[in-house]
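Here is how the chains run, residue by residue.
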Amino acid sequence: MIATGSIRAASETGDALLLTPGPLTTSRSIKEAMLHDWGSRDAAFVQINREVMERLPGIVNAGATHVTVPMQGSGTFAVEAMLTTFVPSDGEVLILINGAYGQRARKILEIARRRTVIHETPEDTPPDLVAVERVLASTPSITHVFAVHCETTSGILNPVQEIGALAAKHGKGYLIDSMSAFGALPLDANAIHADAIAASSNKCIEGVPGLGFVICRKDVLEAAKGNASTLVLDLHDQWTVFQKTGQYRFTPPIHVIVAFHQALTEFFAEGGQPGRGGRYTENCRVLVEGMRALGFRTLLQDQLQAPIIVTFHMPGDPRFDFQRFYDALKERGYVIYPGKLTVADSFRIGCIGRLDRTHMQGALAAIRDVIAGFGMTSAAMAA
Ligand SMILES: *Cc1c(COP(=O)(O)O)cnc(C)c1O
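Parameters and conventions
Residues numbered from 1 in each chain as written. Predicted model: local features only at pLDDT ≥ 70, side-chain atom pairs only at ≥ 80, totals over all residues. Heavy atoms only, no water. Helix = DSSP H or I, 4+ residues; strand = E, 2+ residues; numbered from the N terminus. Rg over C-alpha atoms; globule rule 2.2 N^0.38 Å. Contact = heavy atoms within 4.5 Å. Areas by Shrake-Rupley, 256 points an atom, 1.4 Å probe, with all protein chains shown as cover. Pairing = 2+ DSSP bridges. Axes fitted to C-alpha atoms, helices over the stretch in contact; angles between N-to-C directions. Core = buried A, V, L, I, M, F, W, Y, C linked by side-chain atoms within 4.5 Å. Buried < 20%, exposed > 50% of the residue type's maximum accessible area, 1.4 Å probe, protein only. UniProt positions renumbered as here; feature names shortened; annotations may be inferred. Parallel < 35°, antiparallel > 145°, perpendicular 65-115°, else oblique. Nonpolar A, V, L, I, M, F, W, Y, C, P; charged D, E, K, R; others polar. Near = heavy atom within 4 Å. Polar contact = N/O pair within 3.5 Å; in protein donor to acceptor, adjacent residues only side chain to side chain. Patch = residues over 30% accessible without salt bridge, like charges linked within 9 Å, V, L, I, M, F, W, Y side chains within 5 Å. Salt bridge = Lys/Arg side-chain N within 4 Å of Asp/Glu carboxyl O. Domains from an automatic or database assignment. Buried area = accessible area lost by both parts, 1.4 Å probe.

(A) Spotlight on the overall build of the protein chain. Of the regular secondary structure elements, the protein chain holds 12 helices and 14 strands. Taking 383 residues into account, the globule formula puts the C-alpha radius of gyration at 21 Å, and the protein chain, at 21 Å, falls close to it. Dimensions of the protein chain along its principal axes, counting C-alpha atoms only, are 65 × 55 × 35 Å. At a minimum sequence separation of 6, the contacts of the protein chain that also span at least 24 residues come to 72%. Accessible surface, the protein chain: about 15200 Å² in total, of which carbon and sulfur atoms supply 53%.

(B) The sheet that holds strand 13 (residues 337-338), seen in detail. Read across the sheet, three strands follow the order 11-14-13 without closing on themselves; strand pairing throughout is antiparallel. Only two strands of the sheet have a single neighbouring strand rather than two, namely strand 11 (309-313) and strand 13. Against the sheet, helix 10 (residues 272-293) touches strand 11 and strand 14 (346-350), its axis set at about 10° to strand 11.

(C) Examining the nonpolar core more closely. Grouped together as the largest cluster of nonpolar side chains are 48 residues, with contacts concentrated most on Leu56, Tyr174, Phe182, Ile197 and Phe260. With nine residues, the top contributor of residues to this core is helix 9 (residues 254-269). With residues near it in sequence (within four places) discarded, Ile197 still touches Val60, Met82, Ile176, Ser178, Phe182, Leu187, Ala189, Phe213, Val214 and Ile215. By size, the runner-up hydrophobic cluster in this structure holds 34 residues, among which are Leu17, Phe296, Phe347 and Ala379.

(D) Focus on the UniProt feature "domain: Aminotransferase class V" (unreviewed entry) in the protein chain. With numbering matched to this structure, UniProt assigns "domain: Aminotransferase class V" (unreviewed entry) to residues 44-316. The span residues 44-316 is 42% helical and 18% strand by assignment, and the distance between its end C-alpha atoms comes to 56 Å.

(E) Quick peek at the packing of helix 9 against helix 10. Between helix 9 and helix 10, the shortest axis-to-axis distance is 7 Å and the interhelical angle comes to 85°. Here helix 10 runs roughly perpendicular to helix 9, going by the angle between their axes. The segment helix 9 lies against helix 10, with Glu266, Phe267 and Phe268 engaging Gly272, Gln273 and Arg276. When its residues are assigned to classes, the contact of helix 9 with helix 10 shows two nonpolar, two polar and two charged.

(F) Spotlight on the UniProt feature "modified residue: N6-(pyridoxal phosphate)lysine" (unreviewed entry) in the protein chain. Under the feature "modified residue: N6-(pyridoxal phosphate)lysine" (unreviewed entry), the UniProt entry names Lys203. Mapped onto the secondary structure, Lys203 falls in the loop between strand 9 (196-200) and strand 10 (211-217). The exposure class assigned to Lys203 is buried, which follows from its relative accessible area of 10%. Among residues more than four places away in sequence, those in contact with Lys203 are Pro21, Gly22, Leu24, Met179 and Ser180.

(G) A look at the sheet that holds strand 8 (residues 173-177). As summarised here, the arrangement of the seven strands in space is 2-10-9-8-5-3-4, forming an open sheet in which the pairing is mixed. Edge strands, defined here as strands with exactly one partner in the open sheet, are strand 2 (66-72) and strand 4 (115-120). Across the sheet, the axes of successive neighbouring strands diverge by a mean angle of 20°, strand direction being ignored. Pairing of strand 9 with strand 10, which is carried by five bridges, proceeds in the antiparallel orientation. Looking across to strand 10, one finds that Ala196 is bridged to Cys216. Packing of helix 5 (residues 129-138) onto the sheet brings it into contact with strand 3 (92-97), strand 4 and strand 5 (144-148), and relative to strand 3 it is tilted by some 170°. Contacting strand 3, strand 5 and strand 8, helix 6 (residues 160-169) crosses the sheet at an angle of about 160° to strand 8.

(H) Layout of the site of the ligand. Taken together, Ser74, Gly75, Thr76, Tyr101, Arg104, Val148, Cys150, Thr152, Asp177, Met179, Ser180 and Lys203 form the complete shell of residues around the ligand. One of the side-chain N or O atoms of Asp177 is found 2.6 Å from a nitrogen atom in the ligand. Contact with the protein chains removes 86% of the 380 Å² of surface that the ligand exposes when unbound. When contributions to the shell around the ligand are tallied by element, the ones reaching two or more residues are helix 3 (75-86) and helix 4 (100-111). Its residues assigned to classes, the shell around the ligand comprises four nonpolar, five polar and three charged.

(I) Here's a closer look at a nonpolar patch on the surface. Side chains of Leu231, Val232 and Phe250 sit close together on the surface and give an oily, nonpolar patch of about 270 Å² of accessible area. With respect to the helices and strands, Leu231 occurs in the loop between helix 7 (218-222) and helix 8 (235-245). In this structure Leu231 comes out as exposed when scored by relative accessible area, which is 57%.

(J) Local environment of the environment of Ala167. Relative to the assigned elements, Ala167 resides in helix 6. Assessed through its relative accessible area of 1%, Ala167 is described here as buried. When the C-alpha positions of Ala167 and Glu92 are compared, they lie 13 Å apart, and in sequence the two are 75 residues distant. Look past the residues within four positions of Ala167 in its chain and what remains in contact with it is Leu136, Val145, Lys172, Gly173 and Tyr174.

(K) Quick peek at the domain arrangement of the protein chain. Structurally, the protein chain comprises domain 1 (4-27 + 272-373) and domain 2 (33-269). The C-alpha-based centres of domain 1 and domain 2 are spaced at 27 Å. Each partner contributes to the interface: domain 1 provides 29 residues, whereas domain 2 provides 31 residues. Both faces considered, domain 1 and domain 2 share a buried interface measuring about 2400 Å² in area, 57% of it formed by carbon and sulfur atoms. In terms of surface lost to domain 2, no three residues of domain 1 exceed Gln273, Arg276 and Leu304, which account for 24% of the buried area on that side. For the pair domain 1 and domain 2, the number of links is four salt bridges. A salt bridge links Glu206 to Arg354; the shortest N-O distance between them is 3.1 Å.

Shown next as structure tokens:
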């Protein structure tokens with residue numbers, strides 16, 4: 001059902017549409033996959049899990065070189081597992097930061113007592129590759145480079161290919177948080193020289209939350225034995241036990257994994273990354289054009305914008321009240337996302353999940369309606 005005016009929009013199961021960066025709106029069939037119980041040693045479950053793990057590397061063209069190591073928990077668990085498994089205690093990581101997820105990697109490494117070098121740019125600015133190269137050339141103690149693919153804080157697309165070329169040129173390992181981009185944006189693990197790529201069940205593959213995973217270059221994973229500084233987040237140990245038994249070391253989120261299996265089936269039926277990314281790109285185009293027509297301004301220039309989530313400047317008009325805007329949209333069946341920027345007062349609208357252009361058009365109609373209720377015909381302030 002699509003909302004116009006005051007009719008409430010809803011997902012296939014009657015819930016409000018999540019225009020958020022994940023968890024996000026999922027299909028009915030993905031939720032229905034969870035209507036059973038399995039023992040963790042159940043042969044059917046073990047087979048489903050194996051298929052999930054085997055299908056993932058192909059999405060980033062890494063089927064011949066990389067393996068998937070799943071990690072129970074949200075996406076951050078996978079990022080922390082990746083950083084603390086691949087970076088040894090005497091390693092040193094160049095962290096490229098332009099948002100909250102880069103900051104989070106810094107915090108993870110500080111707690112784990114790994115040395116870091118920070119290259120930070122504002123949230124609307126990609127890393128300065130000339131400066132990055134200078135740091136790499138002048139700091140031989142750096143062992144790894146860490147980058148965020150789409151920094152969900154703003155929605156900016158970071159140049160992971162160019163960063164990977166620099167890491168490879170200087171002989172550094174390369175670790176990527178591709179959480180909000182995996183499956184939607186093209187990524188070739190070998191072309192960009194990625195040692196490991198972290199992502200999760202509940203973003204662009206459109207599963208439910210509870211499983212992270214790291215796509216690891218096999219030889220690099222083999223060499224990472226003994227690096228981990230925790231038991232549960234040790235990807236080498238998790239993988240070794242899988243090799244031997246096909247099973248998790250600790251209770252797996254079984255329902256999440258079965259739903260993720262269904263989500264992957266639907267992902268490939270949609271044409272894999274080109275199909276999924278194409279739908280999100282169209283969602284993003286409709287959203288940005290429609291919001292600009294209503295007078296809203298995007299934070300990012302179009303060439304920096306990933307088709308995942310869009311940050312809009314808060315309108316300057318004193319009649320615009322964000323809490324009332326948020327609540328009125330929720331009332332109409334659209335959940336948006338507050339901003340988390342330091343550079344500007346803003347809010348965000350996501351393009352991902354089981355949504356298509358008609359949902360985005362419905363959201364735009366609702367937004368037009370809500371600001372009209374504030375007495376505004378446009379979000380642009382008269383000069
Ligand atoms: C969502 C996300 C994460 C993981 O967040 P969780 O809340 O732990 O799932 C990590 N990095 C990026 C870029 C993300 O978008």
